[in-house]
Number of protein chains: 2
Amino acid sequence: MSRPPIAKEKIIDAYASMLCDDGERAATIEATAAKAGVSKGGLLYHFASKEALALGVIEALHAIVKQDLELMASAPEGPARYFVRTSTLVGSELDRLFLAVLRLAQTGHEPSIEALELVHSSWLDQIRTEVKDQYAAQTIMLIGEGLYYQSSMPGPWSRGTFGKDLDHLLDQVERLKNGS
Amino acid sequence: MSRPPIAKEKIIDAYASMLCDDGERAATIEATAAKAGVSKGGLLYHFASKEALALGVIEALHAIVKQDLELMASAPEGPARYFVRTSTLVGSELDRLFLAVLRLAQTGHEPSIEALELVHSSWLDQIRTEVKDQYAAQTIMLIGEGLYYQSSMPGPWSRGTFGKDLDHLLDQVERLKNGS
DNA sequence: GTCTATATGTGGATAGAC
DNA sequence: GTCTATCCACATATAGAC
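Conventions used here
Residues numbered from 1 in each chain as written. Chains lettered and ligands numbered in written order. Predicted model: local features only at pLDDT ≥ 70, side-chain atom pairs only at ≥ 80, totals over all residues. Heavy atoms only, no water. Helix = DSSP H or I, 4+ residues; strand = E, 2+ residues; numbered from the N terminus. Buried < 20%, exposed > 50% of the residue type's maximum accessible area, 1.4 Å probe, protein only. Contact = heavy atoms within 4.5 Å. Areas by Shrake-Rupley, 256 points an atom, 1.4 Å probe, with all protein chains shown as cover. Lys, Arg positive; Asp, Glu negative; His and termini not counted. Charge placed at Lys NZ, Arg CZ, Asp CG, Glu CD. Expected span 1.5 Å × (residues − 1). Near = heavy atom within 4 Å. Polar contact = N/O pair within 3.5 Å; in protein donor to acceptor, adjacent residues only side chain to side chain. Nonpolar A, V, L, I, M, F, W, Y, C, P; charged D, E, K, R; others polar.

(A) Region of the structure containing the overall build of chain A. Each helix and strand counted, chain A has 9 helices and 0 strands in total. Mapped in sequence order, the helices and strands of chain A form the string α-α-α-α-α-α-α-α-α. In terms of its C-alpha atoms, chain A occupies a principal-axis envelope of roughly 60 × 35 × 30 Å. Looking at chain A as a whole, 52% of its 180 residues qualify as buried. Taking the intrachain contacts of chain A between residues at least 6 apart in sequence as the baseline, contacts between residues at least 24 apart amount to 66%. Within the structure as shown, chain A displays about 7,900 Å² of accessible surface, and the carbon and sulfur contribution to it stands at 55%. Considering chain A, the positive charge centre built from 18 side chains and the negative charge centre built from 24 side chains are found 4 Å apart.

(B) Seen up close, helix H6 (residues 93-105) of chain A. Under the 1.5 Å per step criterion, the end-to-end length of H6 of chain A is 18 Å for 13 residues, consistent within 8% with the ideal 18 Å. Within H6 of chain A, 11 of the 13 residues are buried, which leaves the element mostly enclosed by the surrounding structure. Three or more residues of H6 of chain A are buried, namely Leu94, Asp95, Leu97, Phe98, Leu99, Ala100, Val101, Leu102, Arg103, Leu104 and Ala105 of chain A. Buried residues along H6 of chain A sit in contact with helix H1 (6-22), helix H4 (50-73), helix H7 (110-130) and helix H8 (134-151) of chain A together with helix H8 (134-151) of chain B.

(C) Quick peek at the protein's contact with DNA strand C. What surrounds DNA strand C is a group of 14 residues, the closest being Ser39, Tyr45 and His46 of chain A together with Ile29 and Lys50 of chain B. Each atom of DNA strand C within 4 Å of the protein was classed as base or backbone; sugar and phosphate made up 65%. One of the side-chain N or O atoms of His46 of chain A is found 2.5 Å from a phosphate oxygen in DNA strand C. One of the side-chain nitrogen or oxygen atoms of Glu30 of chain B is found 3.2 Å away from a phosphate oxygen of DNA strand C. Breaking the surface near DNA strand C down by element, the ones donating at least two residues are helix H3 (40-46) of chain A together with helix H2 (29-36) and helix H3 (40-46) of chain B. Ranked by residues supplied to the surface near DNA strand C, first place goes to H3 of chain A with 4 residues. Tallied by class, the residues present in the surface near DNA strand C amount to 4 nonpolar, 6 polar and 4 charged.

This is the structure:
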């Protein structure tokens, strides 16, 4: 577990990337295998079916979210600012895995839906340790999720819109935190 | 144009619904035809290809957004509140068409990406007529888009999370509008 | 562990009857 | 305008060689 085969990781990564960039339909076993540099049969040795592949991505998401929650809890700037700031970090491994599972969830894939609900709750719980007003906390979550929505889009207004405006956005968050 | 064939509307509606609920892969011509109550050949008479079907959904989105912008401009509560409030109206025709085009955009479909950029700009422009601080305006857009993100998810925390908390959310928006 | 070959199903699109 | 029948391409998954 601590040293998983390299091939498995490369396959997960390729599948997640294709889900994000091209959608669920384009993320076929064949295309994933090609991107990971293995054959179809080679992929199916590690993941016996497409469903197994999806579950592999979910597992990888949970692992990295667990790390992120620890960083979030101990962030000097506080969980809320940490959450919003890191929501703009498109292209990170967490970002890619999250969006990949989101794509699966959007097809009605139950395990993915449950995974995202769990992740959402975990983040909200962390924010509420800092932001006592539950409505302010929910609004901050919405801002972060709005950023994810934008990062899930190709095109100019998704990647980097908030690059240099991030400070201003964080000011808005500060106002929500401190306000009544 | 003012009286389009009933079949065409039913087909557009069926395709949009399937895109939202089941994703782009499940929204096949065959499944769309079945849901619309016509045969595959019957559908292909009205829309010669899947691409034509996608363009039909985009056209329908632009038509309904145009209506919405007029309502938004003349809303007594102001564009910002109107935008956030109506972002929670999952299941409306605008909502379904918007999410349908979003699904297409997420596959890299260029016409859909361009359509969403146009819609996004239109809404932001409206909000900025009321909210002069551009960062507050952007933050309000993020909240609305966070709501869309949530509404794009199946499961309990998407549909109706903000049903009775909407007033509190609108209070947060009010603070963003007036503050700074 | 990784490959090729193949069986089976399904999607997109055309042709042509009604 | 709507249908059925059909062709072709491709996706999933299995079998079995190396």
